[in-house]
Amino acid sequence: MEITDQELLHIPLEGVESEHCAMIVDNGLKDLEGITFHKVELNNNRAIINETKAFNILPKAVKRIRDLGYEVATVKKNFPVLNMTCASCAVSAQTILESTKGVVSVSVNYANNSASVEYIPTLVGPKELQTALRSIGYDLMIDETETAHDTLEELHSKKFRRLKLRTLGAILLSLPVVVIGMFFMDMPYANYIMWAFSTPVVVWLGKDFFINAWKQAKHRSANMDTLVALSTGIAYLFSVFNTLFSDFWHSRGLHAHVYFEAASVVIGFILLGKLLEEKAKGNTSSALKKLIGLQPKTVTVLNKAGESEEIPIIQVRIGDTIVVKPGEKIAVDGRVISGTSFVDESMLSGEPLAVEKKEGSEVFAGTINQKGSFRFQTEKVGDATMLGQIIKMVQDAQGSKAPVQKLVDKIAGIFVPVVLGISILTLILWVILGGENGWTQGILSLVTVLVIACPCALGLATPTAIMVGVGKGAENGILIKDAESLELGRKVNAVVLDKTGTITEGKPQVTGIHWLNDNPSSQSILYTMEKQSEHPLAESVVEYLQGKESLPVQHFESITGFGAKAEIAGNTYYVGNKGLLEQNRIIVSEELVATAKTWLGEAKTVIFFADTRKALAVIAVSDEIKETSVEAVRQLKQLGIEVYMLTGDNAQTAKAIAEKAGIDHYQAEVLPADKSAFVKQLQGTGKVVAMVGDGINDSNALTQADVSIAMGKGSDIAMDVARMVIISSDLTKIPVAFHLSRQTVSAIRQNLFWAFIYNIIGIPIAAGVLYPVNGFLLNPMIAGAAMALSSLSVVSNSLLLKFRK
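Reading guide: rules and limits
- Residues numbered from 1 in each chain as written.
- Predicted model: local features only at pLDDT ≥ 70, side-chain atom pairs only at ≥ 80, totals over all residues.
- Heavy atoms only, no water.
- Salt bridge = Lys/Arg side-chain N within 4 Å of Asp/Glu carboxyl O.
- Helix = DSSP H or I, 4+ residues; strand = E, 2+ residues; numbered from the N terminus.
- Buried < 20%, exposed > 50% of the residue type's maximum accessible area, 1.4 Å probe, protein only.
- Polar contact = N/O pair within 3.5 Å; in protein donor to acceptor, adjacent residues only side chain to side chain.
- Contact = heavy atoms within 4.5 Å.
- UniProt positions renumbered as here; feature names shortened; annotations may be inferred.
- Pairing = 2+ DSSP bridges.
- Axes fitted to C-alpha atoms, helices over the stretch in contact; angles between N-to-C directions.
- Parallel < 35°, antiparallel > 145°, perpendicular 65-115°, else oblique.
- Left-handed = near helix turned anticlockwise from the far one by under 90°.
- Nonpolar A, V, L, I, M, F, W, Y, C, P; charged D, E, K, R; others polar.

Enquirer: Got a minute to help me understand the pattern of salt bridges in this structure?
Expert: Two side chains that carry opposite charge are able to pair once their charged atoms sit near each other. Tallied over the entire structure, the rule returns 12 salt bridges. Note that Glu 631 and Arg 634 form a salt bridge whose closest N and O atoms lie 2.6 Å from each other. In this pair, Glu 631 and Arg 634 are both assigned in helix H23 (residues 627–638), 3 residues apart and thus about one turn of the helix distant. Overall, the relative accessible area of 40% leaves Arg 634 in the partly exposed class. Salt-bridge contacts for Lys 637 lead to Asp 664; the nearest nitrogen and oxygen are separated by 3.2 Å. Note that Lys 637 is positioned in helix H23 and Asp 664 in the loop between helix H24 (651–661) and strand S26 (665–667), a separation of 27 residues in sequence. Classification of Lys 637 as partly exposed rests on a relative accessible area of 36%. On the accessibility criterion, Asp 664 (56% relative accessible area) is exposed.

Enquirer: Can you walk me through the side chain of Ser 198 in this structure?
Expert: Turning to its location among the elements, Ser 198 is positioned in helix H6 (residues 190–205). A polar contact of 3.3 Å, which involves the side chain of Ser 198, links it to the backbone oxygen of Trp 195. Dropping the residues within four chain positions of it, Ser 198 is found in contact with Val 177, Tyr 236, Phe 260 and Ser 264.

Enquirer: So what exactly am I meant to see when it comes to the UniProt feature "transmembrane region" (unreviewed entry) in the chain here?
Expert: Here the UniProt-annotated "transmembrane region" (unreviewed entry) positions come out as residues 165–183, 189–206, 227–245, 257–276, 411–433, 439–462, 752–771 and 777–801. The straight-line gap between the two end C-alpha atoms of residues 165–183 is 28 Å; of that span, 100% is helix and 0% is strand. End C-alpha to end C-alpha, residues 227–245 measures 26 Å, and it is 95% helix and 0% strand.

Enquirer: Got a minute to help me understand unusual backbone geometry in this structure?
Expert: One can expect most non-glycine residues to show negative phi and most peptide bonds to be in trans. A positive phi angle is found at Asn 83, which is not glycine, with a value near 75°. Here Asn 83 shows up in the loop between strand S5 (75–82) and helix H3 (87–98). Even without being a glycine, Glu 669 presents a positive backbone phi close to 50°. Along the chain, Glu 669 falls in the loop between S26 and helix H25 (672–684).

Enquirer: Mind showing me how you'd approach the pairing of strand S7 (residues 114–119) here?
Expert: Look at any regular strand and the pattern is simple: side chains alternate between the two faces of the sheet. In terms of burial, S7 is a largely internal element, 6 of the 6 residues being buried. Side-chain alternation along S7 places Ser 114, Ser 116 and Glu 118 on one buried face and Ala 115, Val 117 and Tyr 119 on a second face that is also buried. As paired strands, S5 and S7 are joined by 6 bridges and run antiparallel to one another. Its bridge partner being in S7, Pro 80 is matched across the sheet by Ser 114. As judged from the 6 bridges shared by strand S6 (residues 103–109) and S7, these two strands associate in the antiparallel manner. Residue pairing across strands places Ser 105 opposite Glu 118, the latter belonging to S7.

Enquirer: Sorry, what's going on with the sheet that holds strand S8 (residues 139–140) here?
Expert: Within a sheet, neighbouring strands are paired by backbone hydrogen bonds and run either parallel or antiparallel to one another. Read from one edge of the open sheet, 4 strands run S6-S7-S5-S8, paired in antiparallel fashion. At either margin of the open sheet sits one strand with a lone partner, and together these are S6 and S8. With 2 bridges connecting them, S5 and S8 associate as antiparallel partners. Its bridge partner lying in S8, Val 81 is registered against Leu 140. Helix-sheet contacts for H3 involve S6 and S7, and the interaxial angle to S6 is about 170°.

Enquirer: Just to check I follow, could you spell out the packing of helix H19 (residues 520–532) against helix H20 (residues 536–544) for this structure?
Expert: When two helices pack together, their arrangement is given by the angle between their axes and by how far apart the axes lie. It is the contact of H19 with H20, at a shortest axis distance of 8 Å, that shows an interaxial angle of 140°. Classified by the angle their axes make, H19 and H20 are oblique. Of the two possible hands of crossing, H19 and H20 adopt the one that is left-handed. For the pair formed by H19 and H20, the contact residues are Leu 526, Tyr 527, Glu 530 and Lys 531 on the first element and Ala 538, Val 541 and Val 542 on the second. Broken down by class, the residue content of the contact of H19 with H20 amounts to 5 nonpolar, no polar and 2 charged.

Pasting the structure below:
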């Protein structure tokens, strides 16, 4: 068969830079089941595979390429999904998006009505994704302008108002039907009056159930709308038939029962349940709404004429000068250029004390200015601001799925077909075993089974708890980037802490320098070498020797884990730890050894400065332990978690810091590569390890750990790698995060238990399993109320997380 270009998938590659790399990728694709044709084009930086079963092949092909160490150019975006009415809708929406050509992965979250889609932009775009969803009755909001959020809020508000009116109308019209059905069945034209009142409820107010069910049926799919449409539709049509053709039953010696009240009241109750559910779901994302509310709509800038001008925040550009008055919210990130004030940053960091701002200080969007006024120059705007990044992280985390959700999704996917099967079986058994009233009671039981079955309770169990858990974390200054980390946090039984910047303040200061022979030229050489270094300890030496002469450097070499080496004025010098001197067989005098020993006993870090023969000076650097570190270690131990400290510092300083912090296990003189190996070693003993760090040198260990936590005031790389970020760098937030993980997982388990139990008990009772025992048959109206309450109870239980200590 000839393969045309239209039948091929072109996958853009990154990192494939030679024919050898291309061959590795090509061989990697060879054994993937379902690929009938493949090749890699180095010049075009792309892999080409056959499109057969593309929706199964593409994710596997991308995963294989990434496993081989190369990358595929993809885009990952969150889109609001409109018109979803139940958990099964999320499964249907996810299935159709996964089957769209060019999509790599999809996660549709019913709780916050969003879809996280990873796709290859050369194969598919947002418009095609929207078209795919529209084909089965849903919609995707692909507007990415600044006003899109407001538009989405307005859409949700309109939907909620419409739902409220429909619910009120259905309840008001159902009341007379219930009253007649219960007390005045013998009045003239009772059936016709009930028919008149129930028709607008079923045909008009409940029309969305039937429309959505039809759209699902066209694609051989089913969701909760299918159950509602079938149950109320059958009850309504059965009642119409019995009203118009009552003789059909009378001639057979049977009474022509009508169930108009069941059809209308079920729709009323389900609409009421949806109304309450929407209200509750809105409350689960309150933390995100608070964060979004921190962004002011307008800002005062200085125009080219030097005059103050108020403009919308979307018009602010990098480099603009912004005027901040007392009490105003800061709109974007920037740096103060004039004026002084104190700024309340508690909404970002959780720190209650206002932070002083003066010329050169950084300011962040969403924080609140106090009494002073100042001007600052913008450095980051829109989504690039710290607040923007936090909002995005929280949105992504709330939209992510915990591992347990995968099983729930599978169950939700087969739930509706299984319920349909049970309802048909119920009818058949009633007709066979039910005697003279078998048909009518069979129809009634079929309706009740369809009404009481609730996939929504299952679908909402996990995501609502995750949303509340992530939101509560954000309110406490803990950014949790994905649901998996939140779920795994409760299992952590070993925490590995980096010392500098994590346990300590990360602001080392020189407390003294002891020179063997003090002279200005040696001080200038030390100053010059430390200026070349990027190590935090070097910065403290530069600050201490500020004002010394900077000399020309012929050669400079940074020696990882030991220090640095430089050639200045034709001579070679070393600055670093004692190991650096031992490596180069440099002599250290008794005088300097004694001084170093004294400082080490005071928990200070010692740096040696030497030429090629002997040590010239010893420097003491002190980095104070954070006030909160000791309390954090105590709390972690209380939770039954072992605490380990790793540091590149010497053994004596490490011992002194560990003793002060209350840490029993520590390792000194650890190189960056050793940190990752230590985490792996702990994992090998069966430990679930959390790594906490703040520097670039911690990134490998963070990647290796089961749960990675970065300090918010650390490096950008550490924060990118870590799955949790402590914004304030306060270690006591870590036990809070683990406690929150335990509470969230507990809420998920409770939700799933009640959702499963509800359906396991409710469906057999609805089918009439108690009828042979005590003659009990469940009324469809009660079933409708029970179904509505099941979803509401799950969401309410998740909301209780907010108030747990």
